[in-house]
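Chain by chain, the residues run as shown.
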Amino acid sequence: MSKGQQKKSSQNIKLCREELIAAREGDDSRQISMTAASLGLALSQAYKSAEGLKYLNEAIQIAKKVDDLGLHVHCLGMKALAFQFIGRFPDAFKVAEEILKLGEKHEDDALRFDAFASMGQILMESGEEILALEKFKEAQEISDTIDDPRRTMNIRSAMGNYSLNVAAPDQAFDYFEDALAIAVSLGDKNTEIGLLGNLGTILSWKEQHREAVQAFEAVLDHVRKEGNKEVEAQTLRHLANSHNQLKQPNKVLEYAKAGLALDEWIDTQITVFFYEKIIATHYKLGENEEAEAYTLQAIEFAASRGDEGKELDFLLSLGESFVLSGKPEEALDIYKKAVQKANNADRKKDAAYLTGRVGITLAELGQLSEAVTYHETAVKLAQERNLADLEGEQLLMLAIAYFEKNDNKKAQEYCQAAIQVYVKTGLKEDEQKARQLLAKIDA
């Protein structure tokens, strides 16, 4: 949960508590039941399930006492949602069964529909796809016999989500299109936008990115008007991705940077996505300084989240960029930090590679004695990790370093060792370079 979501959740709980206090003061049983149910769900969604279920059970008991069927079903539905959110799927299913019994007792097809639809969703979320389909089909059969466009829309949407879950995107697309047409006819803008987002996702999977962009732009316009920052972040991610596939770098930067500006409303994974797209796009445009500046921000962000893996990835990228930009001093500093992070994250291959990069950079700066130490360490690490290409490279670097120090004997030994590695592993091109160096040393 992002900082913004946490803040919104806390505000929602506070508001629900205030409304419940007011309802109790007014001594309105139905209002107390409604507000207690809302508070119970809000608490459950904030991972305070024990307290949340206490309020939900209170709400259900009051609904039973006042003998209000609609209110009773509403509170049961909230309880099922709470159980779903905290992953207690068998308990959620039992609650849906209670709703079904009420539907059968009162011969209410709408209630039976709601129960079957809820059961299908619960089973799908718990990984029981075959059983979920059975329940969805029962709900669909009921929707075919009652004149209720909204429930028809809901089951079409549910079947679309089911189809996505079983990797049938074309079938899902048809269901979502049907549901979308009904949402438009009902004037249900929020559902319409949600379905457009689903259609956009499928179009993106099918690599129909121009059509996907049209869908996501409609979603973006709506969620910005509504102030829904969480959905805005997801939509910006989709737009940045689709424009990247369409090779439209300026649009990628526009949407990815807009995503970063949301700050507290986006989670770590999406933030990293935005940084990666911005950095890669600036490099493609030849704007290395901008790319390096954003990489530094990304390193700081990953460190602030305690994500050493991503921090290391960004450090590696920045080190390579500094080398290519002719900034060996900056590269050396970055590589040394990255070696430490690689060791902390137990990324042994990266640690070996980076140790070699430190050695190469030191050699470029003319610090040959220190470079030799790092090259020797890199050779040892490469041997331990079976990294033949790195072992050969570092042996060759040692040969060059000793050749520059006028120690031809050691240079020959390391060069011949590199050749042996390349011959053994079949790296012909590297072997040829090593032989050329040996010829130069022998001369």
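What comes next concerns the included structure. Computed from a prediction, not measured in an experiment: that's the story for all the values here.

Quick notes on the rules
- Residues numbered from 1 in each chain as written.
- Predicted model: local features only at pLDDT ≥ 70, side-chain atom pairs only at ≥ 80, totals over all residues.
- Heavy atoms only, no water.
- Axes fitted to C-alpha atoms, helices over the stretch in contact; angles between N-to-C directions.
- Helix = DSSP H or I, 4+ residues; strand = E, 2+ residues; numbered from the N terminus.
- Parallel < 35°, antiparallel > 145°, perpendicular 65-115°, else oblique.
- Left-handed = near helix turned anticlockwise from the far one by under 90°.
- Contact = heavy atoms within 4.5 Å.
- Nonpolar A, V, L, I, M, F, W, Y, C, P; charged D, E, K, R; others polar.
- Core = buried A, V, L, I, M, F, W, Y, C linked by side-chain atoms within 4.5 Å.
- Buried < 20%, exposed > 50% of the residue type's maximum accessible area, 1.4 Å probe, protein only.
- Polar contact = N/O pair within 3.5 Å; in protein donor to acceptor, adjacent residues only side chain to side chain.

### Remarks on the packing of helix α7 (residues 129-143) against helix α8 (residues 149-165)
- Relative to each other, α7 and α8 sit at 160°, their axes nearing to 10 Å. The orientation of α7 relative to α8 falls into the category roughly antiparallel. When you trace α7 past α8, the crossing you get is left-handed. Here E129, L133, F136, A139, Q140 and S143 of α7 come into contact with α8, specifically with T152, I155, R156, A158, M159, Y162 and N165.
- Per-class residue counts for the contact of α7 with α8 are seven nonpolar, four polar and two charged.

### What about the nonpolar core?
- F274, Y275, I279, F314 and L354 are the most contacted members of the largest nonpolar core, which has 62 residues in total.
- Discounting residues that sit within four places of it in the chain, I279 has contacts with A291, Y294, T295, A298 and F314.
- Judged by nonpolar contacts, the second largest core, of 52 residues, contains C16, I62, A117 and I142.

### Details of the side chain of S33
- By secondary structure assignment, the location of S33 is in helix α2 (residues 29-45).
- According to the relative accessible area criterion, S33 is buried, its value standing at 0%.
- Among the polar contacts made by the side chain of S33, one reaches the main-chain carbonyl oxygen of A59 at a distance of 2.8 Å.
- In this view, S33 contacts A59, I62, A63, L71 and C75; residues no more than four positions away in its chain are not counted.

Shape descriptors only; they carry no functional weight alone.
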